[in-house]
Amino acid sequence: VQTGWDEVFFVNKEVAATLEPDLLHRAIKSANIRPGEIFSQELYLIYPCAEFDPETYPLLLKYLEPYRETLLRRLRYDKSFPHYRLQWPRTPDIFEASPKLVTPYKARRNTFALDCTRLYFSTDVVSVVFKEHSPCLDSQLEQFAVNFLNSRLSTFQFRSYSKPVGGGQYDYYAN
């Protein structure tokens, strides 16, 4: 994707109040993640489900209209995708998993935190979901993983095989 144009799809509380609520999800950006902590702001992501019919959401269409031409120029490989989508739909399980680990896609050091509130995000955040995980009230394994991954030892290990991307940052790709 050339750009999802996050500035349009991530909205504050005031803009969210003017849109259909079932399209909105509490969200974070990479800047909201610090080692072991998520600093949540009143940020929402407009993220329609895969079966979304835009005609049933007039408030959304009205909100997106000023951005329509720019949004239609975005490409996924060589094809454009609908102006009412941030990106191609991902499996909701990625976002709805609780607990899950989250980290910025690019960071100077390991910066993992535990999300127990089903936050949504764009491609600037990577998540890790355990195959067998406990409910958030008893997420000892996940919390142990966060603590270990944020350690100096783990950061040192990661830097030995990761891809530096400039400015002292490293690429925390999904795999």
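Residues numbered from 1 in each chain as written. Predicted model: local features only at pLDDT ≥ 70, side-chain atom pairs only at ≥ 80, totals over all residues. Heavy atoms only, no water.

(A) Region of interest: the sheet that holds strand β10 (residues 113-115). Read across the sheet, 3 strands follow the order β10-β8-β11 without closing on themselves; strand pairing throughout is antiparallel. Bordering the open sheet on either side are β10 and β11 (125-128), each of which pairs with just one other strand. Direction aside, the axes of adjacent strands within the sheet are offset by 40° on average. The pairing of strand β8 (residues 100-104) with β11 spans 4 bridges and is antiparallel. Counted as the bridge partner of Leu101 is Val128 from β11. (Pairing = 2+ DSSP bridges. Helix = DSSP H or I, 4+ residues; strand = E, 2+ residues; numbered from the N terminus. Axes fitted to C-alpha atoms, helices over the stretch in contact; angles between N-to-C directions.)

(B) Broad picture of the sheet that holds strand β13 (residues 169-171). Here 3 strands make up an open sheet; going across it, the order is β9-β13-β12 and the pairing antiparallel. With partners counted over all chains shown, the strands left at the sheet margins are β9 (106-107) and β12 (164-166), one partner each. In this structure, β12 lies alongside β13, joined through 2 bridges in antiparallel fashion. Counted as the bridge partner of Pro164 is Tyr170 from β13.

(C) Representation of the pattern of salt bridges in the model. A complete count under the given rule lists 5 salt bridges for this structure. With its nearest N and O atoms 3.8 Å apart, the salt bridge here joins Glu96 to Arg118. With Glu96 in helix α5 (residues 92-96) and Arg118 in the loop between β10 and β11, the pair connects residues that are 22 residues apart, well separated along the chain. Residue classification places Glu96 among the partly exposed residues on the basis of a relative accessible area of 33%. Look at Arg118 and you get partly exposed, because its relative accessible area is 42%. Lys163 is the salt-bridge partner of Asp171, the closest N and O atoms lying 3.9 Å from each other. The structure contains a network of salt bridges with shared partners spanning Asp6, Lys29 and Asp124. (Salt bridge = Lys/Arg side-chain N within 4 Å of Asp/Glu carboxyl O. Buried < 20%, exposed > 50% of the residue type's maximum accessible area, 1.4 Å probe, protein only.)

(D) Spatial organisation of helix α6 (residues 140-149). If you check which residues of α6 are buried, you get Glu142, Ala145 and Val146. Taken down its axis, α6 places every buried residue within 100° of arc, on the same side. Exposed positions of α6 whose direction lies more than 90 degrees from the buried face are Gln140 and Phe144. (Arc of directions from axis to C-beta.)

(E) Local environment of the side chain of Asp6. Along the chain, Asp6 falls in helix α1 (residues 6-9). Residue Asp6 is classed as buried on the basis of its relative accessible area, which comes to 17%. One polar contact links Asp6 to Ser122, side chain to side chain, over a distance of 3.1 Å. Discounting residues that sit within four places of it in the chain, Asp6 has contacts with Lys29, Leu86 and Ser122. (Polar contact = N/O pair within 3.5 Å; in protein donor to acceptor, adjacent residues only side chain to side chain. Contact = heavy atoms within 4.5 Å.)

(F) Summary view of the packing of aromatic side chains. Counting across every chain of the model gives 9 aromatic pairs. Each ring, one from Phe95 and one from Tyr120, has its centre 4.3 Å from the other, and the planes form 15°; the classification is stacked. Remark: Tyr120 occurs in the loop between β10 and β11 and Phe95 occurs in helix α5; sequence separation between them is 25 residues. When sorted by exposure, Phe95 lands in the same class as Tyr120, which is buried. Ring geometry for Phe158 versus Tyr161: centroids 5.4 Å apart, planes at 70°, classification edge-to-face. Remark: Tyr161 and Phe158 occur in helix α7 (residues 152-161); sequence separation between them is 3 residues, near one turn of the helix. Given a relative accessible area of 10%, Phe158 falls into the buried group. (Phe/Tyr/Trp six-rings, centres within 6.5 Å; stacked < 30°, edge-to-face > 60°.)

(G) Representation of the nonpolar core within the structure. One finds Phe9, Leu45, Ile46, Leu60, Tyr63 and Leu64 to be the most contacted residues of the largest nonpolar core, which totals 31 residues. Those elements that place two or more of their residues in this core are α1, β1 (10-12), β5 (43-46) and α3 (58-64). Looking at this core element by element, the count peaks at 4 residues for β5. (Core = buried A, V, L, I, M, F, W, Y, C linked by side-chain atoms within 4.5 Å.)

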